[in-house]
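Observations on the model geometry
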Amino acid sequence: MKKSTTLIDAMKVSELLGQTKEHLHDLSDTVAIHKEMLPAFNALSSAAKSAGINIKIASGFRSFDRQLMIWNNKFSGKSLIKDNQGNNIDKVNLSDEELMHAILLFSALPGASRHHWGCDIDVYATNLLADNYQLQLEPWEYSAQGPLAKLSRWLNTHAKEFGFYLPYGSYQGGVAAEPWHLSYAPLANIYQKIFDIHHLEQALLSCNILGKNTIINNLDVIVNRYINNVNDIPTNCYIPKPD
C-alpha cells in the first residue's frame, strides 16, 4: 500500500535519514532537538526539576554521517562492541553477519537511527552523578542500584504526561534495553509510519559503509528485528490535538 502523501509531504525523506538539520532547534553547540518538541521537553525538564532531578541530554539529533562513523568504527574494530550483559565482544571469530547483529544491539544503521528525527533523546541527570563521573549510558546506571535510579523511576511514571515514552524500555529480541532513550510520541509515531525500507536501501548503497553487502542482503530482517520492533506507545501517553 502506498504511504500517505500528506505524511510524506509533512516529513521530508531527508529528515528520516538524518541528512538535513532544517527541522532542528539548537540547545547548545553539541545538542539539537526537533523544534516542534521543544515546548514538551521544557515542560518535562521543569517537572523533573521540581522533583529534584536535573535532566540533561547526552545525545539528541545525530546525523547520517555521524551514525555512519559510529557504525564503521565498530565494524572495523576501532570502537568496542558490547553484548547484552555489558561484556566486550571479540570480533575476530565473528562472520560479517554475526558482527552486524552484534553492532545492531546498541547502534543503529545510518539512515535508520531514531536520533535522525530529532525527537529521540538520550537523557541523564547531572545532579544524581558524582563530580567528574563519566556517563557510560549502560543499563546498570539506571537500575535500582544505579546512580540514575531516581531518574529512571520518575521517567517511567511521568514521561508519558508530556508525550514521551521509552521505545526500548524492555528488550524484545532486537535493540537492547535503553532506559535512557526517550521518544516524543507525537512526532516519532509519524516518522515511524512513513519509514520506507527503499529509501534506507538507497542511502546505504550510496555511502561507504562497511559490511554493505551483508547489510543489504539482510535488510528485511534488520527492519523487522531492529527498526520496527519497538515498545508500544502507552495508551495514556499525552498526544496534543492538532490546532
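Everything here concerns the structure above.
Residues numbered from 1 in each chain as written. Predicted model: local features only at pLDDT ≥ 70, side-chain atom pairs only at ≥ 80, totals over all residues. Heavy atoms only, no water.

So, the nonpolar core
Soluble globular proteins: nonpolar side chains tend toward being buried together. Quick note on the threshold: In plain words, nonpolar cores are sets of buried Ala, Val, Leu, Ile, Met, Phe, Trp, Tyr and Cys residues tied together by side-chain atoms within 4.5 Å. For every residue, the accessible area obtained with a 1.4 Å probe (protein chains only) is divided by the maximum for its type, and the residue is called buried under 20%, exposed over 50%, and partly exposed between those limits. Under the DSSP-based scheme used, a helix requires at least four consecutive residues in state H or I and a strand at least two consecutive residues in state E, with every element numbered from the N terminus. In what follows, residue pairs with any heavy atoms lying within 4.5 Å of each other are defined as contacts.
Counting residues in hydrophobic clusters, the biggest one holds 35 residues, and the most contacted among them are M37, F41, I55, I121, F164 and L182. At the level of elements, helix 3 (38-50), strand 3 (55-59), strand 4 (120-125), helix 6 (149-158), strand 6 (181-184) and helix 7 (185-194) are the ones that each hand at least two residues to this core. No other element matches helix 3, which puts five residues into this core. Once you skip the residues sitting within four places of it in the chain, I121 turns out to touch I33, M37, F41, I57, S59, G60, H115, F164, W180, H181 and L182. Among the nonpolar cores identified, the runner-up in size contains 29 residues, and I81, Y168, I209 and I216 belong to it.

Examining the pattern of salt bridges
Opposite charge on two side chains allows them to pair when their charged atoms are near. Keep this limit in mind: What makes a salt bridge here is a side-chain nitrogen of Lys or Arg within 4 Å of a carboxyl oxygen of Asp or Glu, nothing more.
Per the stated rule, a full pass over the model turns up four salt bridges. A salt bridge links D122 to R62, with the nearest nitrogen and oxygen atoms 3.8 Å apart. Residue D122 is located in strand 4, and its partner R62 is located in the loop between strand 3 and helix 4 (64-76); the two are separated by 60 residues in the primary sequence. Of the two residues examined, D122 and R62, each falls in the buried class. Between E138 and K82 there is a salt bridge, with its nearest N and O atoms 2.6 Å apart. With E138 in the loop between strand 4 and helix 6 and K82 in the loop between helix 4 and helix 5 (96-104), the pair connects residues that are 56 residues apart, well separated along the chain. Overall, E138 belongs to the buried group, its relative accessible area being 15%. For K82, a relative accessible area of 27% translates into the label partly exposed.

Brief notes about the side chain of H34
To be explicit about the condition: We call two N or O atoms a polar contact when they sit within 3.5 Å, provided that within protein one can donate a hydrogen and the other can accept it, with sequence-adjacent residues counted only if both atoms are side-chain atoms.
Mapped onto the fold, H34 is located in strand 2 (residues 32-34). Within the structure, H34 has its side chain in polar contact with the backbone nitrogen of E36 (distance 3.1 Å). In this structure, H34 is in contact with E15, H23, L24, H25, W117, G118, C119, L187 and Y191, ignoring residues within four places of it in sequence.

Some words on the sheet that holds strand 5 (residues 164-165)
The pairing of strands in a sheet comes from backbone hydrogen bonds and takes either a parallel or an antiparallel form. Counted only if it meets this: At least two DSSP bridges between two strands are needed for those strands to be called paired. An axis is simply a line fitted to the C-alpha atoms; with a helix, the fit covers only the stretch in contact. Between two such axes, the angle follows the N-to-C directions and lies from 0 to 180 degrees.
If you trace the four strands from one edge of the open sheet to the other, you get 3-4-6-5, paired in antiparallel fashion. With partners counted over all chains shown, the strands left at the sheet margins are strand 3 and strand 5, one partner each. Bridge analysis of strand 5 against strand 6 gives two bridges, and the strand direction is antiparallel. In the sheet register, Y165 faces strand 6, and the bridge partner there is S183. Taken strand by strand, helix 6 contacts strand 3, strand 4 and strand 6, and its axis lies near 135 degrees from that of strand 4. Of the strands in this sheet, strand 4, strand 5 and strand 6 touch helix 7, which is tilted by about 85 degrees from strand 6.

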